[in-house]
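Geometric and topological summary
Below, each chain spelled out in residue letters.
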Amino acid sequence: MASFLRRPAVRVALYVLLVAYLASGPVNLAVHQPSLGQALLVLPIGVIAFGACLWVTLHKTTPARDALLLVLALVGGIAMHLIEPYTGAAFFFMVIFVAPYRLGLRQAIVLTTIDITVFPCVSLWWGLEPSAALGMTAGLAYSAIFTYGIWHFYLTRQQSAEVAAAQAREAVLSERTRLAREVHDVLAHSQSAQILHLEGARMLLKEGGDPALVLDRVERAVRLARAGLEETRRALDALRGDELPLMERLERLAAEFRVTTGATCVLSIEADLDKLEAEARLAVVRTAQEALTNVRKHAPGASVSVTLHHVGKWCELEVRDDGKVTGTPVQGAGGGTGYGLVGMRERAELIGGSLTTCAEEDGFTVILKVPA
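All residue numbers refer to positions counted from 1 along the written sequence of the respective chain. Residues qualify for local features only when their pLDDT is at least 70, as the model is predicted, and side-chain atom pairs are given and counted only at 80 or more; totals for whole chains, interfaces and linings, by contrast, use all residues. Hydrogens and waters are ignored; side-chain quantities use all the structure's heavy atoms.

All right, on to the nonpolar core then. Across soluble globular proteins, nonpolar side chains show a tendency to be buried alongside one another. As used here, the term nonpolar core means buried Ala, Val, Leu, Ile, Met, Phe, Trp, Tyr and Cys residues forming a set that is joined through side-chain atoms within 4.5 Å. For the exposure calls, accessible area comes from a 1.4 Å probe over protein chains only, and a residue counts as buried if that area is under 20% of its type's maximum, exposed if over 50%, partly exposed in between. Ranked by size, the top nonpolar core spans 35 residues in total, and within it Leu22, Leu70, Phe91, Leu103 and Leu140 carry the most contacts. Secondary structure elements are defined from DSSP: runs of H or I of at least 4 residues count as helices, runs of E of at least 2 residues count as strands, and each element is numbered from the N terminus. Of all the secondary structure elements, the ones that give two or more residues to this core are helix 2 (8-31), helix 3 (36-58), helix 4 (63-83), helix 5 (89-102), helix 6 (105-126) and helix 7 (130-206). The leading source of residues in this core is helix 5, at eight residues.

Here's what the structure looks like:
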């Protein structure tokens, strides 16, 4: 319907009908005058009302100017009705049709009320037949109800479009945040381990260490780089909706941790993984990945246990390490307060879960709870 009304031919036809409708009143006013002099005397009233009504209908200006033009149109219609009954009726109706779209709601209601009230008063004062005057008044009232109903529908639709646009912008920002989190998780996991081995190789070269040990460190860094590239590909697959089973991904993380550090990583899964939503599965994988990465960075050589089990309506992931320095617990799996820990907590809260960390005498623990 809206596209049909926007067609040039349709719009021209509507403008012609509008002009003819508004011009009919002033023309009838002049025609019904007994002499040419009287016709020329009253015609400016109709012309002013015609011009004001046509201008405010076709051109939106400031609310104050629109209000003035509508008042002129209404006063002109009243004057025409006083001079020749019903010749100003078109302006009574046009003020009702235009007011809610050009004025504030309160101003529009006031002007519409005056419009509907003045017409029967003038008609009765003129001595017109009450039934005809009341019939016209009912038509004005019906037009007001119809117009304000359409205006409310238009306003509601506009507000819904604005809300939809705001939600779309929020969705874009949320997706950007999610992508940033994914990039961080993948890069932090692979590159931190690479840096660890390359730094070890640098120290060995600097101190004249065994070339075989240096080569071993470099080869491990190369393997990690390849694994990081593969993990990046898997992350992109997950973003597209293609992902490996959760158990296989956790097993790969545990195996990679053992190969990289030479330390023990015990994996225990006692949960129905099919019940987890995609976002919950991703949160479990990323939290386990980040926790193991932090163990390598903050508690090198520490053994780790990764446990996944159901607790009531929740699925709980626990990553516990035994990393420590004499007399001082080390921030192992949950070490640091940077983007990694913040990202894990944000990821959990976004799906209605939670993440807690705990430093103990014998290590550090990260516990993730997601809806199951």
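Working convention: axes come from line fits to C-alpha atoms, limited for helices to the stretch in contact. Angles between N-to-C directions cover 0 to 180 degrees. Interhelical geometry of helix 5 versus helix 6 gives an angle of 165° and a closest axis separation of 9 Å. As the angle between them shows, helix 5 and helix 6 are arranged roughly antiparallel. The two elements helix 5 and helix 6 cross, and the hand of that crossing is left-handed. Every residue of helix 6 that contacts helix 5 at Phe91, Phe92, Val95, Ile96, Ala99 and Pro100 is listed here: Ala108, Leu111, Thr112, Asp115, Ile116 and Phe119. Polar here means any residue outside two lists: the nonpolar Ala, Val, Leu, Ile, Met, Phe, Trp, Tyr, Cys and Pro, and the charged Asp, Glu, Lys and Arg; Gly therefore counts as polar. When its residues are assigned to classes, the contact of helix 5 with helix 6 shows 10 nonpolar, one polar and one charged. Geometric relationships in this document are graded by angle, where less than 35 degrees denotes roughly parallel, more than 145 denotes roughly antiparallel, 65 to 115 denotes roughly perpendicular, and other angles denote oblique. For a crossing to be left-handed, the near helix must be turned anticlockwise from the far one by less than a right angle; the clockwise case is right-handed. It only takes one pair of heavy atoms within 4.5 Å for two residues to be counted as in contact.

Right, let's get into the side chain of Ser143. Along the polypeptide, Ser143 turns up in helix 7. Residues contacting Ser143, with those up to four places away along its chain left out, are Phe93, Ile96 and Phe97.

Turning next to unusual backbone geometry. Not every positive phi belongs to a glycine, and Tyr86 is a case in point at roughly 70°. In this fold, Tyr86 is placed in the loop between helix 4 and helix 5.

The next point concerns the sheet that holds strand 1 (residues 265-270). The rule for pairing is simple: two strands pair if DSSP sees at least two bridges between them. Strand order in the open sheet formed by five strands is 1-2-3-7-6, with mixed pairing between adjacent strands. Two strands bound the open sheet, and with one partner strand each, they are strand 1 and strand 6 (354-360). Neighbour-to-neighbour, the strand axes of the sheet open up by a mean angle of 15°, direction not taken into account. In this structure, strand 1 lies alongside strand 2 (residues 304-311), joined through six bridges in parallel fashion. Across the sheet, residue Ile269 finds its bridge partner in strand 2, namely Leu308. Helix 9 (residues 246-261) contacts strand 1 and strand 2 of the sheet and is inclined by roughly 165° relative to strand 1. Its contacts with the sheet put helix 10 (residues 278-298) on strand 1, strand 2, strand 3 (314-321), strand 6 and strand 7 (363-371), and the angle it makes with strand 7 is roughly 170°.

We count a salt bridge whenever a side-chain nitrogen from Lys or Arg sits within 4 Å of a carboxyl oxygen from Asp or Glu. Per the stated rule, a full pass over the model turns up four salt bridges. Notably, a salt bridge pairs Glu248 with Arg252, separated by 3.3 Å at the nearest N-O pair. Taken as a pair, Glu248 and Arg252 lie in helix 9 at a separation of four residues, close to a single helical turn. Residue class for Glu248 comes out partly exposed when judged on its relative accessible area of 30%. We note a salt bridge from Glu360 to Arg320, for which the minimum N-O separation is 2.9 Å. With Glu360 in strand 6 and Arg320 in strand 3, this pair connects stretches of sequence that are 40 residues apart. Its relative accessible area of 29% is what places Arg320 among the partly exposed residues. Linked by salt bridges that have partners in common, Glu318, Arg320 and Glu360 make up one network.

Moving on: the pairing of strand 3. Counted residue by residue, strand 3 has six buried out of eight residues, so it is predominantly covered. Strand direction decides the pairing type here: strand 2 and strand 3, joined by eight bridges, are antiparallel. Within strand 3, the residue paired with Val306 across the bridge is Val319. Connecting strand 2 to the antiparallel partner strand 3 that follows it, the hairpin turn spans two residues, and Gly312 within it adopts a positive phi of roughly 65°. Pairing of strand 3 with strand 7 involves eight bridges; the strand directions are antiparallel. By the bridge assignment, Asp321 is partnered in strand 7 with Phe364.

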